[in-house]
Amino acid sequence: MHDIKAITQDPAAFDAALARRGILPLSRELGEMDGERRAAVAQLQVLQAGRNALAKRIGEAKRAKEDTSALEAEGGALRGQMEALEAEVPRLELLIRETLAAIPNVLDAAVPEGRDETANIEVKTWGKKPEFAFPAKEHFEIGEALGLMDFAGAAKLAGSRFTVLRGALARLERALGQFMLDTHTADHGYSETVVPLLVNDSAMFGTGQLPKFADDLFKTTDGRWLIPTAEVSLTNLVAGEILPAAQLPVRVTALTPCFRSEAGSAGRDVRGMLRQHQFSKVELVSITRPEDSEAEHERMTACAERILEALELPYRRMLLCAGDTGFSAVKTYDLEVWLPGPVPAGGQRQGMYREISSCSNTRAFQARRMNARYRNAEGKPDFVHTLNGSGVAVGRALIAVLENHQNEDGSVRVPAVLRPYMGGLEIISAP
């Protein structure tokens with residue numbers, strides 16, 4: 001959410017910021033709305049003062065036993081004008097709020113220009129891509145050949161974009177989630193949290209999913225929403241709060257199922273587990289003072305990178321361009337893991353990088369929507385900054401482990417850090 005005062009004080013800067021996202025100027029429209037609202041508030045105050053003065057005159061006239069009918073008629077006219085304005089002010093405030101709620105965050109100056117992912121900038125790479133003496137297989141080929149990944153069974157239960165995992169692959173998914181949680185809590189200072197998977201409209205609005213992305217969500221018959229990410233629940237834990245500065249930063253993490261309708265993704269990643277309606281993810285959320293959020297963004301991204309490094313998965317860090325940065329973010333790093341199996345359209349098996357984590361700084365954008373604040377050095381309430389990131393997506397980590405650690409005979413090497421969670425199992429092979 002944006003600050004209407006800041007917009008009206010520097011409308012040119014606001015319009016220039018929107019232009020980076022391909023949005024037409026809105027400052028004039030917002031300024032006119034705010035001007036109407038302020039004029040209505042001022043007129044209402046004038047009428048209230050007039051009503052109070054008139055009430056005093058009526059009282060004096062009654063005590064003097066004078067005729068008050070003209071004064072009372074004047075009072076009735078005042079009440080009618082006030083009732084109209086008392087309805088108009090909330091209407092204008094709601095209109096401004098709804099307009100602001102649909103406008104994405106202002107981008108950081110470091111975010112590169114560009115319309116789509118082709119303009120994203122590679123910041124770093126890590127790890128050596130595996131070289132195989134055989135044609136690399138995709139994860140679904142490996143899983144189905146092992147008899148441990150069942151798409152037909154999932155479709156029978158729920159339709160497309162679901163997966164049934166069995167045996168060692170089911171345990172591998174559980175191991176990945178547990179390993180991530182243990183690492184983030186023991187080594188990275190995050191507090192493990194169990195949160196609701198169903199949330200209300202306010203929570204979805206607070207982190208920016210509503211109203212813009214309603215079509216990407218699943219809604220229950222009682223009006224609640226299935227979370228698309230634990231970011232929603234974790235971040236909203238501070239909604240409406242005023243935190244002591246000494247309590248910051250707050251760092252929390254959760255492993256949850258996530259639910260997304262994948263609206264608009266028809267025909268994309270239809271095979272395998274890359275794009276599912278239900279998937280597991282370890283989420284990282286930080287609540288910080290404004291002056292600390294940039295450093296926290298780097299720290300959070302590094303925490304997610306350490307997971308991929310421990311799993312021996314080559315990856316790259318990408319700084320997203322203006323056209324690819326999400327609605328609530330001012331700046332986002334995507335971590336893309338190397339998958340040796342995929343076949344690009346019309347190409348040969350040569351592999352490609354795919355997103356496995358997205359770490360974003362939203363600054364005060366979500367905090368304004370949630371009214372989440374802290375007491376600054378002057379003891380005054382000020383908005384916190386919020387950050388979120390995947391630490392990482394469990395299903396995609398499973399995909400990456402299968403493809404990067406596959407063997408020619410169809411078996412899969414279990415990364416050393418996961419073996420204690422797998423009962424010492426070193427190789428996953430067909431039962």
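What counts, and where the lines are drawn
- Residues numbered from 1 in each chain as written.
- Predicted model: local features only at pLDDT ≥ 70, side-chain atom pairs only at ≥ 80, totals over all residues.
- Heavy atoms only, no water.
- Core = buried A, V, L, I, M, F, W, Y, C linked by side-chain atoms within 4.5 Å.
- Buried < 20%, exposed > 50% of the residue type's maximum accessible area, 1.4 Å probe, protein only.
- Helix = DSSP H or I, 4+ residues; strand = E, 2+ residues; numbered from the N terminus.
- Contact = heavy atoms within 4.5 Å.
- Expected span 1.5 Å × (residues − 1).
- Pairing = 2+ DSSP bridges.
- UniProt positions renumbered as here; feature names shortened; annotations may be inferred.

Hey, could you run me through the nonpolar core in this one?
Soluble globular proteins tend to bury their nonpolar side chains together. Of all hydrophobic cores here, the largest spans 47 residues; its most connected members are Met149, Leu172, Leu176, Met180 and Ile428. At the level of elements, helix 5 (139-146), helix 7 (167-186), strand 10 (278-288), helix 10 (293-310), strand 12 (331-339), strand 13 (352-363), strand 16 (385-393) and helix 12 (394-404) are the ones that each hand at least two residues to this core. Each residue touching leucine 172, except ones within four places of it in the same chain, is listed here: Leu398, Val401, Leu402, Leu418, Met422 and Ile428. Core analysis: the next-biggest nonpolar cluster, separate from the first, contains 26 residues, Leu210, Ala230, Ala364 and Ala367 among them.

Can you help me understand helix 7 in this one?
Spanning 20 residues, helix 7 covers 28 Å between terminal C-alpha atoms, matching the ideal 28 Å at 1.5 Å per step. Those residues of helix 7 not exposed but buried are Leu169, Leu172, Ala175, Leu176, Gly177, Phe179, Met180, Leu181, Thr183 and His184.

Is there a simple way to think about the sheet that holds strand 6 (residues 218-219) in this case?
Two pairing modes exist for strands in a sheet, parallel and antiparallel, and in both the strands are linked by backbone hydrogen bonds. Taken in spatial order, the three strands line up as 5-7-6 in an open sheet, and their pairing is antiparallel. Edge strands, defined here as strands with exactly one partner in the open sheet, are strand 5 (198-199) and strand 6.

Just checking my understanding: could you explain the UniProt feature "binding site: L-serine" (unreviewed entry) in the chain for this structure?
Per the UniProt record, "binding site: L-serine" (unreviewed entry) is annotated on Thr229, Ala230, Glu231, Glu283 and Ser390. These annotated residues cover 162 residues of sequence, and their C-alpha atoms all fall within 9.4 Å of one another, placing them together at a single site. Following the sequence through the fold, threonine 229 ends up in the loop between strand 7 (225-226) and helix 9 (231-235). Residues in contact with threonine 229, not counting those within four places in the same chain, are Gln209, Cys258, Arg260, Lys281 and Glu283. Examined against the element boundaries, serine 390 turns out to sit in strand 16.

I'm lost on the environment of proline 314 in this one. Help?
Assignment of secondary structure puts proline 314 in the loop between helix 10 and strand 11 (315-319). Judged by relative accessible area, proline 314 falls into the buried class, the value being 3%. In this structure, the C-alpha to C-alpha distance between proline 314 and threonine 193, residues 121 residues apart in sequence, is 29 Å.

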